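What the coordinates show
Listed below are the residues making up each chain.
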Amino acid sequence: MSTDKFNILRSTCVPLPIENVDTDQIIPARFLKATTREGFGENLFRDWRYDKENKPRKDFILNDPAWSGSILVAGRNFGSGSSREHAAWAIHDYGFKAVISTFFADIFRNNALNNGILPVQVTDSFYAMLLKAIKADPKTEVVIDLPAQMITIVPTGLQEHFDINSYKKECLLNGYDDIDYLLSIRDKIEEYESRNQ
């Protein structure tokens, strides 16, 4: 599945600083029957967003109009639990392009990268300053510069470098999935094959 190219993202943030959010909380198991990636966003954090009568819970962050943006600021150990790729589908379909945390579950990190979402792992100190800034002003913007691998809190100028696998970085920059990447180097593969026959 090809995705949009990710280069430099400037956006406001939605804070959800809850630790150990697992994939069943991100997208409950009862919504996993669909076979395409579309439509999962409406059920992102479904049991936190809606009550038993399917009415929006006013106290949940995604239902508060003061908060918006394409960056989710999540708590530590985000995406733990099962390996369901649907969690990444739901986050992407909702409109988030990046998730910031101090630690990601490995399987979720890979699923996010494979679905055009950039997981940005930051230090505890940077995370604390980020939360402080966006809670003080929901309109606070953050810049995530993938080529430079830098994240910046715009009003304060505070920056931090983040790590990413070089292969996944290239895929995100070009909007490639694994097959797209192989097609992009087809000439090199064919050249290698012809030399080694």
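Residues numbered from 1 in each chain as written. Predicted model: local features only at pLDDT ≥ 70, side-chain atom pairs only at ≥ 80, totals over all residues. Heavy atoms only, no water.

A count of helices and strands for the chain gives eight helices and seven strands. Across the 197 residues of the chain, 46% fall into the buried class. Contacts spanning at least 24 positions in sequence make up 66% of the contacts within the chain whose residues lie at least 6 apart. Taken as a whole, the chain presents about 10600 Å² of accessible surface, with 48% of it coming from carbon and sulfur. (Helix = DSSP H or I, 4+ residues; strand = E, 2+ residues; numbered from the N terminus. Buried < 20%, exposed > 50% of the residue type's maximum accessible area, 1.4 Å probe, protein only. Contact = heavy atoms within 4.5 Å. Areas by Shrake-Rupley, 256 points an atom, 1.4 Å probe, with all protein chains shown as cover.)

What the rule picks out here adds up to seven aromatic pairs. Look at Phe40 and Trp89: their rings are 5.4 Å apart centre to centre, the planes differ by 70 degrees, and that puts the pair in the edge-to-face class. In this pair, Phe40 sits in the loop between helix H1 (23-26) and helix H2 (46-49) while Trp89 sits in helix H3 (residues 86-94), placing the two residues 49 residues apart along the sequence. Each member of the pair Phe40 and Trp89 is classed as buried. (Phe/Tyr/Trp six-rings, centres within 6.5 Å; stacked < 30°, edge-to-face > 60°.)

Attention now goes to the pairing of strand S5 (residues 141-145). Counting buried residues along S5, four of its five residues qualify, which places the element largely inside the surrounding structure. As defined by bridge partners, strand S1 (residues 8-16) adjoins S5 across five bridges and the pair is classed as antiparallel. When the bridges of S5 are listed, Thr12 appears paired with Glu141. Pairing of S5 with strand S6 (residues 150-153) involves four bridges; the strand directions are antiparallel. Bridging from a neighbouring strand, Val143 pairs with Thr152 of S6. With antiparallel pairing between neighbouring strands as the criterion, S5 and S6 make up a hairpin whose turn holds four residues, including Gln149 at a positive phi of roughly 55 degrees. (Pairing = 2+ DSSP bridges.)

Our focus in this paragraph is H3. Of the positions making up H3, those classed as buried are His86, Ala87, Ala88, Trp89, Ala90 and Ile91. Contacts from the buried residues of H3 go to H1, strand S3 (98-101) and helix H4 (106-114). Downstream of H3 by a residue or two, Gly95 has a phi angle that is positive, lying close to 125 degrees.

This part takes up the side chain of Asn43. Structurally, the position occupied by Asn43 is in the loop between H1 and H2. Excluding residues within four positions of it along the chain, Asn43 makes contact with Ile26, Ile27, Pro28, Phe31 and Arg49.

Its identity as a non-glycine residue notwithstanding, Phe45 has a phi of 50 degrees, on the positive side. Look at Asn77: it is not a glycine, yet its phi comes out positive at around 65 degrees. In this structure, Asn77 sits in the loop between strand S2 (71-74) and H3.

Turning our eyes to something else, we now look at the nonpolar core. Ranked by size, the top nonpolar core spans 52 residues in total, and within it Phe45, Phe78, Leu118 and Ile144 carry the most contacts. Excluding residues within four positions of it along the chain, Phe78 makes contact with Val21, Ile26, Phe45, Leu72, Ile91, Val99, Ser101, Phe103, Phe104, Ala105 and Phe108. (Core = buried A, V, L, I, M, F, W, Y, C linked by side-chain atoms within 4.5 Å.)

A separate point is the pairing of S2. Every other side chain in a regular strand lies on the same face of the sheet, so the side chains alternate between the two faces. A two-sided burial pattern is seen for S2, the buried positions comprising Ile71 and Val73 on one face and Leu72 and Ala74 on the other. As defined by bridge partners, S1 adjoins S2 across four bridges and the pair is classed as parallel. Bridging from a neighbouring strand, Pro15 pairs with Val73 of S2. In the sheet, S2 pairs with S3 via three bridges, with the strands oriented parallel.

This next bit is on the environment of Val120. Here Val120 lies in strand S4 (residues 118-121). The class for Val120 is buried, based on a relative accessible area of 0%. Excluding residues that lie within four positions of it along the chain, Val120 makes contacts with Val99, Ile100, Ser101, Phe104, Ile144, Ile151 and Phe162.

Let us now look at the sheet that holds S4. Across a sheet, strands are paired by hydrogen bonds formed along the backbone, either parallel or antiparallel in direction. The strand order across the open sheet formed by seven strands is S4-S3-S2-S1-S5-S6-S7, and the pairing between neighbours is mixed. Unpaired on one side and paired on the other, S4 and strand S7 (158-161) mark the two borders of the sheet. On average, adjacent strands in this sheet sit at an angle of 30 degrees to one another, irrespective of strand direction. Pairing analysis gives four bridges linking S3 to S4, with the strands arranged parallel. Bridge pairing in S4 places Val99 opposite Pro119. (Axes fitted to C-alpha atoms, helices over the stretch in contact; angles between N-to-C directions.)

Remember, this is a structural readout, not a statement about activity or role.
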